[in-house]
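Here's the letter readout for the chains.
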Amino acid sequence: MLLIGLTGSIATGKSTVSTLLSSAPYSLPLVDADVLARQVVEPGTKGYKAIVQHFGPTTPDLLVAPSESMPENGPDGKGRPLNRPALGKRVFGDSDERKKDRAVLNGIVHPAVRKEMGRLILRSYLQGNWAVVLDVPLLFESSLDRFCGTVVVVAVRDPDIQMKRLMDRDSHLSREDAENRVRSQTDVREKARRCEARGPHKGAVLWNDGTKEELLANLDSVITSLRKRSPWWWSWLLVAFPPFAVLSAGWAYWQNIQINKRWQQESKGR
């Protein structure tokens, strides 16, 4: 089974590509890190309790305000949901304080997300799927690219397009808030360069400065190429012989380690 790592940056079109891949004609299983990240911090979970304990004392509006429709202890008695805009203001940005807060938040959320990812990927493998899409905004930053057979980056060449799309999508954001969110992530052009450096069939960049039709055409070309290299019988062979699947995954992991080493060396030389 091919593990396709899908990444990009905020407002570059990754979610659009994710939706396309999980819909006909591709209909690929989707493991969405953003969805899982929400689930693991719902009221009552360990992640929720850890966030409230750490950020609550210094973030008065951390939780959704109580109202007629939102009881003090939440609709199910497990607590009021997180006020995501307030938490976002606390962790997004490039100051040392915000970076520290973001590291704390990631340390709470990421382990729980990875555990759930593993469960969903295993299920897709047992179902005999030829590929599964791992949708992770911080794919490279979290080193999850090491487990992927190929990586697809959705990017834009023009930073102004990214900013405009973000502010059109999230109209509640001020210009400063939008800039902080963009700066809190690795520049998507850098992600694109890293993806291209993986080599043919190991990485593909979908440039999304144009229309949705152009994006779809580029995506179809990439998936068609990957499909030819992962025929249906290969997936069922891996299911029928689990030790062979483990060896195949180990080989891909080793290759990715070497790819990352080369990238690090090239980065130091620039």
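Keep in mind that what you see is a predicted model, and the values were worked out from it rather than measured.

S.K.: Outline unusual backbone geometry, supporting the account with residue identities and numerical values.
M.R.: In the segment running from Ala 24 into Pro 25, the intervening peptide bond is cis, with an omega of 10°. Relative to the assigned elements, Pro 25 resides in the loop between helix H1 (14-22) and strand S2 (30-32). Positioned with a positive phi, Ala 11 is a non-glycine residue whose angle comes to about 65°. Along the chain, the position of Ala 11 falls in the loop between strand S1 (2-7) and H1. The class for Ala 11 is buried, based on a relative accessible area of 11%. Backbone geometry places His 201, a non-glycine residue, at a positive phi of 70°. Considering the arrangement of structural elements, one finds His 201 in the loop between helix H8 (188-197) and strand S5 (203-207).

S.K.: Summarise the nonpolar core; cite the residues concerned and give the values.
M.R.: Proteins that are soluble and globular tend to have nonpolar side chains buried together. Of all hydrophobic cores here, the largest spans 35 residues; its most connected members are Val 31, Ile 51, Leu 82, Met 117 and Leu 134. Breaking this core down by element, the ones donating at least two residues are helix H2 (33-39), helix H3 (46-55), helix H4 (84-91), helix H5 (96-126), strand S3 (131-135), strand S4 (150-155) and H8. At 7 residues, H5 tops the list of elements feeding residues into this core. Residues in contact with Leu 134, not counting those within four places in the same chain, are Leu 3, Ile 4, Gly 5, Leu 6, Val 31, Met 117, Ile 121, Leu 139 and Cys 148. Leu 20, Val 133, Val 154 and Leu 226 belong to the second-largest nonpolar core, a separate cluster that totals 20 residues.

S.K.: Give a detailed account of the packing of aromatic side chains, specifying residues and quantitative values.
M.R.: Scanning all chains against the criterion turns up 4 aromatic pairs. Here the aromatic rings of Trp 233 and Trp 234 are separated by 6.2 Å at their centres, their planes lie at 85°, and the arrangement is edge-to-face. Residue Trp 234 is classed as partly exposed on the basis of its relative accessible area of 25%. Taking 5.4 Å as the distance between ring centres and 15° as the angle between the ring planes, the aromatic pair formed by Trp 251 and Trp 254 counts as stacked. Of the two residues, Trp 251 and Trp 254 both sit in helix H11 (residues 242-269), 3 residues apart, roughly one turn of that helix.

S.K.: Break down the pairing of S1 for me, with residues and values.
M.R.: Counted residue by residue, S1 has 6 buried out of 6 residues, so it is predominantly covered. By the alternation rule, side chains of S1 split into Leu 2, Ile 4 and Leu 6 and Leu 3, Gly 5 and Thr 7, which are all buried. When S1 meets S3, the two strands line up parallel, connected through 5 bridges. Within the sheet, the bridge partner assigned to Leu 3 lies in S3 and is Val 132. Bridge count for S1 against S4 is 4 bridges, and the pairing is parallel. Following the sheet pairing, Thr 7 is matched in S4 by Val 153.

S.K.: An account of H8 is requested, with residue identities and associated values reported.
M.R.: Of all the positions in H8, only Val 188, Arg 189, Lys 191, Ala 192, Arg 194 and Cys 195 are classed as buried. Looking at the buried residues of H8, the elements they touch are S1, S4, helix H6 (159-169), S5 and H11. Positive phi appears at Gly 199, one or two residues downstream of H8, with a value of about 100°.

S.K.: Give a description of the environment of Ser 221 that names residues and reports values.
M.R.: Its location among the elements puts Ser 221 in helix H9 (residues 212-229). A sequence separation of 100 residues divides Ser 221 from Ile 121, and the C-alpha atoms of the two residues are 24 Å apart.

S.K.: I'd like to hear about the packing of H4 against H5, residue by residue, with values.
M.R.: Across the interface, H4 lies against H5 with an axial gap of 7 Å and an inter-helix angle of 125°. Viewed along their axes, H4 and H5 adopt a mutual orientation that is oblique. From H4, Leu 87, Lys 89, Arg 90 and Val 91 reach across to H5, where they touch Arg 98, Asp 101, Arg 102 and Leu 105. Here the contact of H4 with H5 is built from residues that sort into 3 nonpolar, no polar and 5 charged.

S.K.: Give a description of the domain arrangement of the chain that names residues and reports values.
M.R.: Taken domain by domain, the chain holds domain 1 (1-29 + 131-269) and domain 2 (33-128). Spacing between the C-alpha centres of domain 1 and domain 2 amounts to 24 Å. Each partner contributes residues to the interface: domain 1 has 23 residues there, and domain 2 has 19 residues. Of the roughly 1,700 Å² buried between domain 1 and domain 2, counting both surfaces, carbon and sulfur atoms make up 63%. By the criterion of area lost to domain 2, the three top residues of domain 1 are Met 1, Arg 181 and Ser 184, representing 25% of everything that side buries.

S.K.: Residues and numbers for helix H10 (residues 232-240), please.
M.R.: Taken together, the buried positions of H10 are occupied by Ser 235, Leu 238 and Val 239. For H10, the buried positions fall inside an angular range of 100° around the axis, keeping them on one side. Looking at the buried side of H10, the elements it contacts are H5 and H11.

About the thresholds
Residues numbered from 1 in each chain as written. Predicted model: local features only at pLDDT ≥ 70, side-chain atom pairs only at ≥ 80, totals over all residues. Heavy atoms only, no water. Helix = DSSP H or I, 4+ residues; strand = E, 2+ residues; numbered from the N terminus. Buried < 20%, exposed > 50% of the residue type's maximum accessible area, 1.4 Å probe, protein only. Core = buried A, V, L, I, M, F, W, Y, C linked by side-chain atoms within 4.5 Å. Contact = heavy atoms within 4.5 Å. Phe/Tyr/Trp six-rings, centres within 6.5 Å; stacked < 30°, edge-to-face > 60°. Pairing = 2+ DSSP bridges. Axes fitted to C-alpha atoms, helices over the stretch in contact; angles between N-to-C directions. Parallel < 35°, antiparallel > 145°, perpendicular 65-115°, else oblique. Nonpolar A, V, L, I, M, F, W, Y, C, P; charged D, E, K, R; others polar. Domains from an automatic or database assignment. Buried area = accessible area lost by both parts, 1.4 Å probe. Arc of directions from axis to C-beta.

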